[in-house]
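Given next are the chains, with one letter for each unit.
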Amino acid sequence: MRSHLLVTGLLTAILLLLSGCASEEVHQVRTLSAGEAPEDDAFSASVTLCRKVGSKSGRRIGAGHEFKMSKKSHVRAFVDFANVKAERPYTVHLVWIRPDGREMFRKYAEVRQHAAGTDEFRTVIKWLNAEDLHKVKADTLVMAEPDFTLGSRFNISLKKEREPGLYHFRVYLDRALLFEEPFTVVGSG
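Residues numbered from 1 in each chain as written. Predicted model: local features only at pLDDT ≥ 70, side-chain atom pairs only at ≥ 80, totals over all residues. Heavy atoms only, no water.

1. What to know about the pairing of strand 12 (residues 176–186)
Summarising the sheet, strand 4 (residues 66–68) and strand 12 pair through 3 bridges and their orientation is parallel. For glutamate 66, the partnering residue across the bridge sits in strand 12 and is threonine 184. In sequence, strand 11 (residues 165–173) turns back onto strand 12 through a hairpin of 2 residues, with aspartate 174 there showing a positive phi of about 55°. (Pairing = 2+ DSSP bridges. Helix = DSSP H or I, 4+ residues; strand = E, 2+ residues; numbered from the N terminus.)

What follows is the structure, given as structure tokens:
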């Protein structure tokens, strides 16, 4: 009986650690990643890695998970959030990880969307500096849907002399890991 209680307690502790204190939205995205069908109005998020963005179309060009170094090249990451709740603050960290597992750099944003009338949403994105949280760059966007997109880019130009190999792009929502997207950087040869 005692061993049964010990095993039950241990399993409960493991489940709590795995689920953590993640927000409802993080749980919804993890459920979608596990293959469950989303509800129509459920919060969702996705990551796209690409080479560049069309200057006229805004289309993401060269989407994939392998990127070649050249004279001028970047890996661009976009995180699309859909069906966000109005007035709820979303804290998002966009983190680039080297092949050795160490963090290279991160971007930190606080996002809040306000209902601005019928079928219109005002989204305020505050980009904060990790070293100086009082240094803020704010963007305000008017959207037709309750969604927003955050982006970051990683310079893989030859002059940067990046190490070829497997890198990762991580997205944290409310300090819980939401996505870890691996990608390969290959040399120019």
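2. Remarks on the side chain of serine 157
Secondary-structure assignment places serine 157 in the loop between strand 10 (147–155) and strand 11. Assessed through its relative accessible area of 4%, serine 157 is described here as buried. Among the polar contacts made by the side chain of serine 157, one reaches the main-chain amide nitrogen of serine 73 at a distance of 3.1 Å. (Buried < 20%, exposed > 50% of the residue type's maximum accessible area, 1.4 Å probe, protein only. Polar contact = N/O pair within 3.5 Å; in protein donor to acceptor, adjacent residues only side chain to side chain.)

3. Considering the sheet that holds strand 4
With mixed pairing, the 7 strands of this open sheet are ordered in space as 4-12-11-6-7-8-9. Where the open sheet ends on each side, the last strands, each with one partner, are strand 4 and strand 9 (136–143). Neighbour to neighbour, the strand axes of the sheet diverge by 25° on average, direction disregarded. With 8 bridges connecting them, strand 6 (residues 90–97) and strand 7 (residues 103–115) associate as antiparallel partners. Each residue of the ladder has a partner; that of histidine 93, found in strand 7, is tyrosine 108. (Axes fitted to C-alpha atoms, helices over the stretch in contact; angles between N-to-C directions.)

4. Observations regarding the confidence of the model for the chain
Residue-level pLDDT values for the chain average 84, and 79% of them are 70 or greater. Overall, residues 1–19 carries pLDDT values under 50, and its contacts beyond four positions in sequence, including any with other chains, amount to 3 contacts. (pLDDT = per-residue confidence, 0-100. Contact = heavy atoms within 4.5 Å.)

5. A word on the pattern of salt bridges
The final tally for this structure, using the stated rule, is 5 salt bridges. A salt bridge links arginine 60 to aspartate 80, with the nearest nitrogen and oxygen atoms 2.8 Å apart. In this pair, arginine 60 sits in strand 3 (residues 60–61) while aspartate 80 sits in strand 5 (residues 74–82), placing the two residues 20 residues apart along the sequence. The closest approach of N and O atoms between glutamate 180 and arginine 170, which form a salt bridge, is 3.2 Å. One end of the pair, glutamate 180, is in strand 12; the other, arginine 170, is in strand 11, with 10 residues separating them in the sequence. A relative accessible area of 34% places glutamate 180 in the partly exposed class. Take arginine 170: its relative accessible area is 21%, and that puts it in the partly exposed class. (Salt bridge = Lys/Arg side-chain N within 4 Å of Asp/Glu carboxyl O.)

6. Description of the packing of aromatic side chains
Any aromatic ring pair is given by two values, namely how distant the centres are and how the planes are angled relative to each other. Using the criterion set out here, one finds 13 aromatic pairs in the structure. Measuring from ring centre to ring centre gives 6.1 Å for phenylalanine 67 and phenylalanine 183, while their planes differ by 80°; the resulting arrangement is edge-to-face. Pair noted here: phenylalanine 67 is in strand 4 and phenylalanine 183 is in strand 12, with a separation of 116 residues, a long-range link. Its relative accessible area of 2% is what places phenylalanine 67 among the buried residues. For phenylalanine 183, a relative accessible area of 1% corresponds to the buried category. Ring centres 4.6 Å apart and planes at 50° place the aromatic pair tryptophan 96 and phenylalanine 169 in the tilted group. (Phe/Tyr/Trp six-rings, centres within 6.5 Å; stacked < 30°, edge-to-face > 60°.)

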